[in-house]
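Fold and geometry: a report
Each chain, letter by letter, is given below.
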Amino acid sequence: MNRRWNRTLSLCGLFCCLLAVGCSDSSPPQANDSSDPPTLYYFTWSDYVDPTIISGFEQTHHARVVVDTFSSNEELLAKAQSGMTGYDVVVPSDFMAGIMSRLGLLADLDMARIPNVRYLEDALQRLPFDPGNRFAIPYLWGTVGIGYDSEVMGDPPRSWEALWNPKYSGRISMLNDQREVFGVALKALGHSLNSQSEMEIRQARDKLINQKPLVKAYSSEQFDQLLVSGEVVMAHGWGGPVARAMRERSSIRYIIPEEGGTIWTDCLAVLASSSQKTLAMDFINYLLDAQVATQTSQRLLFASANRLVRDRLPSDIRNNTAVYPPGEAMSRMEWIEDVSEAIRYYDRGWTELKVH
Amino acid sequence: MAHPGRDHLPGSRRIVNRLLPIQSPFPIRVALLLSLLFWGICFLLPLALMFLVSLISRGPYGGLEWTWTGENYVRLADPLVIGIFLKSFLYASGTTIVCALLGFPLAYCIARSSRAWQQWLLVLVMIPFWTNFLVRTYAWVLIFRADGVINGFVKFLGWTGDPIPLLFTDFSVFVGLVYGYLPFMVLPLVAALERISIHLEEAARDLCATRFRMFWHVVIPLSKPGWVAGAVLVFIPSLGAFITPYLLGGGQSLMIGTLIQQEFLVARDWPFGAALSFGLMGTILVLWGWLGRKSTEQAAG
C-alpha cells in the first residue's frame, strides 16, 4: 500500500510540475504598479539583437524592454494572428508588413513621435507595400546577390547564369526560400521576379530543375558557413551574412549580377493590440537615431535605413557592396511583392523542384 | 473489503467514482483522472483543432477561412505527394532495418553483461539524450563537411583529390536518422533480451544447436516484443523526421516531415499541412492494423 501511495504522489507531483512549467512562460505580466517602469515587449529577428542598444533605451526612457525573437516572417505572422500576443514593437520584412497591415494587425504610426523618419534613405521612401509609412518604417535593409570565393573563381559571376556553370558542380548553394530562388531563375530568363504568369513560373521551374544537380544545398542559415569552409564557391544569399563571412575568409567577395536582384528591408511596426503605443513610438524613434543606428549597422553588418549612418560607418563597411549596394545597382533591384493567387504556381514548382 | 455505502462518501470522492467507475484505490483513481484530463487537454484538443483546420480553406494571405471543403484531402492523391510519402516510407523502413541490425548485437551484449556493467552501458546509450537533438545533428554537419572530421582524416592518410562529398547527400540523411533513433531500438531490445533466461540458451546449446540456430530459433523469437516496440519507436519518428533531412539533406530532398513544415511555415497553407499530417497518421494506423491482423492470423495459423 505504501509503495502505491508513493507512486500516486509522485504522479501527482509530476503533473503539478508539468502544469507549472506550462503556465510559467505564458502571458507577459500586463498589470504594473505605477511605481514600476513601463515594460515594452519587442519581437525581432534572432540575429538583430544587440543588448547594449536595448539597455541604452531602458536608461534614457526609464522603461524595461523584454526582447523575444523569431526566425521567419511566417512565424511572426502566425503569432500576431493569434491575437493578444503582448508584443508591442515587431520587425516584419517589406512584403510581410504589407500583409499584416491589410489584415489589420498593425497600428497607425504617430509620426510626431518619430522625427527620425525624416532621415530615411531615398531608396526606401514611398515603398509599394506602404507608400506613406503609415504602418511601417524601414529599419535595416540590403540585397540578395552572390557571395563567391575570388581565390577559386578568377572571373566574378557577373550574371545569374554563373550559377548554372557546370564547372562548379556541387559547389553552389542557393537560399532555401522559394520566392528568392524562383526570383533568380526568373531574372536569368529576363522576367520580373514578381511574375504572375503560370508559363513564366513553369519555365523558371524547369530552369531550376536543370540547375539542381549542380547545387550542393538549399540553405538560408548555413550558406555563409559553407562559403567560409570552402564547401561552396558560390552562394546565393543575403549580403549581411556574406559580409560577416568575409571577416573569416578574406577571399570572399559579393556581387549583384547584372540582371539585378532582390532588395529587401525589415521594418519597424507597432501591433494594433499593443498597450504601450506611445512608448513603442519612442522606441522606434530611438532605434532610428543616427548614433544608435550606426552602432547597430556596425555590429550586424546590415545597412541602416537612416541615411546619416552611411557616412559615420568605417570606410570598409560603407564601401562593402554586401552591406551597401553600389549606387549603379539600385535601379536594377526589385522588391518581392505579394503575387496573390499565383503563389500556388510558386508553391507547386518549389515542391516539384525539391522532389526532383 | 466491503464497500461502504456510496451515498456516505464525501462529495469529491463521489464525483471521482462516477467519472471513473473502476475498482482501484481512491488515490490511484485521482491520479488516473488527472492524467486523463492532461491527456485530453494536451493531446486530443490540439488534434481535434488540427482536424478542423484540415477541413477548411486557406485565406488569401495564408490565414484560415472558415468555409468547409474536402479539397485538402483530395490534394493528397497528387502523384507528387504520393511520391514523397513513398520515399519517406522507404527511408523510415531502411532506418528501422539498419537500427535493428546494429542495435541487436549491442542490446544482446548489454543484456548479458553483469549488473554493474549493464548500468554503465545503459547510461552510455542514454547520454546523447542529455544534449539537444539539434546540437547533435549540427555535430554531424561538422563531421561530414568538406573540411570536417572525416575528410580531414582521409587527407591525413594521404588523399590528395577533392574532398569526398558527404554532407547534403541521401547518405548523410540516412546516417543522421540511424544515429538519432538507434537508442530507441536498443532500449526495448535490452528489456526484452534480459527477460530471456540464460538457461534457455544453455538448453539450446546442450541440444546441439549451433550458435546461429540458437539465436535464430530461441533468442530472436523470444525477444519479439522488444523488436516490435523498437521498430515502432524507430519507424514512426523517422517517418515524420524533419530536422535531420533539413540540416543534413541541405534542403535537397523532401520527406513528409519537411513537406508539412513547408506547408505550415513557408506556403502558409495550414489546412493542407494539417491534411498531410492526418494523411500520414491515417496511413500509419492502417498499416498498423494490417500488420496486427497479419500477426494474429499467423499466431492462429
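Residues numbered from 1 in each chain as written. Chains lettered and ligands numbered in written order. Predicted model: local features only at pLDDT ≥ 70, side-chain atom pairs only at ≥ 80, totals over all residues. Heavy atoms only, no water.

1. Quick look at the overall build of chain A
Helix and strand content of chain A: 13 helices and 11 strands. Structurally, chain A occupies a C-alpha span of about 70 × 65 × 40 Å along its principal axes. Across the 356 residues of chain A, 56% fall into the buried class. Surface exposure of chain A reaches about 15,400 Å², of which carbon and sulfur atoms provide 50%. (Helix = DSSP H or I, 4+ residues; strand = E, 2+ residues; numbered from the N terminus. Buried < 20%, exposed > 50% of the residue type's maximum accessible area, 1.4 Å probe, protein only. Areas by Shrake-Rupley, 256 points an atom, 1.4 Å probe, with all protein chains shown as cover.)

2. A closer look at the pairing of strand 1 (residues 39-45) of chain A
Residues and elements named next belong to chain A. Here strand 1 lies mainly inside the structure; seven of its seven residues are buried. Examined bridge by bridge, strand 1 and strand 2 (residues 64-70) share seven bridges and lie parallel to one another. If you follow W45 over to strand 2, its bridge partner there is F70. For the segment spanning strand 1, helix 2 (residues 51-61) and strand 2, crossover handedness is right-handed. (Pairing = 2+ DSSP bridges. Right-handed = clockwise from strand over helix to strand, strands pointing away.)

3. Details of the environment of L280(B)
Residue and element names in this part refer to chain B. As for its position among the elements, L280 is in helix 14 (residues 270-300). When its relative accessible area of 11% is taken as the criterion, L280 is described as buried. As for L280 and K87, which are separated by 193 residues in sequence, their C-alpha atoms are 13 Å apart. Excluding residues within four positions of it along the chain, L280 makes contact with F85, L239 and I256. (Contact = heavy atoms within 4.5 Å.)

4. So, the confidence of the model for chain A
Mean pLDDT over chain A works out to 87, with 90% of the residues at or above the 70 mark. Note on residues 1-33 of chain A: pLDDT under 50 across the span, and 20 contacts to partners over four residues away in sequence or across chains. (pLDDT = per-residue confidence, 0-100.)

5. Some words on the domain arrangement of chain A
Residues and elements named next belong to chain A. You can read the domains of chain A as domain 1 (32-141 + 263-324) and domain 2 (142-262 + 334-355). Summarising the inter-unit geometry, the C-alpha centres of domain 1 and domain 2 are found 27 Å apart. The interface is formed by 20 residues belonging to domain 1 together with 19 residues belonging to domain 2. Between domain 1 and domain 2 lies a buried interface of about 1,600 Å² when both sides are counted; carbon and sulfur atoms form 59% of it. Considering only the surface of domain 1 that becomes buried against domain 2, I263, L301 and A322 emerge as the three largest contributors, covering 38% of it. The tally of links between domain 1 and domain 2 comes to one salt bridge. Close ionic contact of D338 with R102 constitutes a salt bridge, the shortest N to O distance being 3.8 Å. Taken together, the elements giving at least two residues each to the side of domain 1 that touches domain 2 come down to helix 4 (94-102), strand 9 (262-270) and helix 10 (290-300). Its residues placed into classes, the side of domain 1 that touches domain 2 shows 13 nonpolar, four polar and three charged. (Domains from an automatic or database assignment. Buried area = accessible area lost by both parts, 1.4 Å probe. Salt bridge = Lys/Arg side-chain N within 4 Å of Asp/Glu carboxyl O. Nonpolar A, V, L, I, M, F, W, Y, C, P; charged D, E, K, R; others polar.)

6. Let's talk about the packing of aromatic side chains
All names here are of chain A. Inspection of every chain in the model, using the stated rule, returns 31 aromatic pairs over all chains. Plain terms: the ring middles of W141 and Y324 are 6.0 Å apart, the flat faces sit at 75° to each other, and that makes the pair edge-to-face. Residue W141 is located in strand 4 (residues 136-149), and its partner Y324 is located in the loop between helix 12 (315-318) and strand 11 (334-335); the two are separated by 183 residues in the primary sequence. Overall, Y324 belongs to the buried group, its relative accessible area being 3%. On the numbers, 6.1 Å between centres and 80° between planes, the contact of Y218 with W350 is edge-to-face. (Phe/Tyr/Trp six-rings, centres within 6.5 Å; stacked < 30°, edge-to-face > 60°.)

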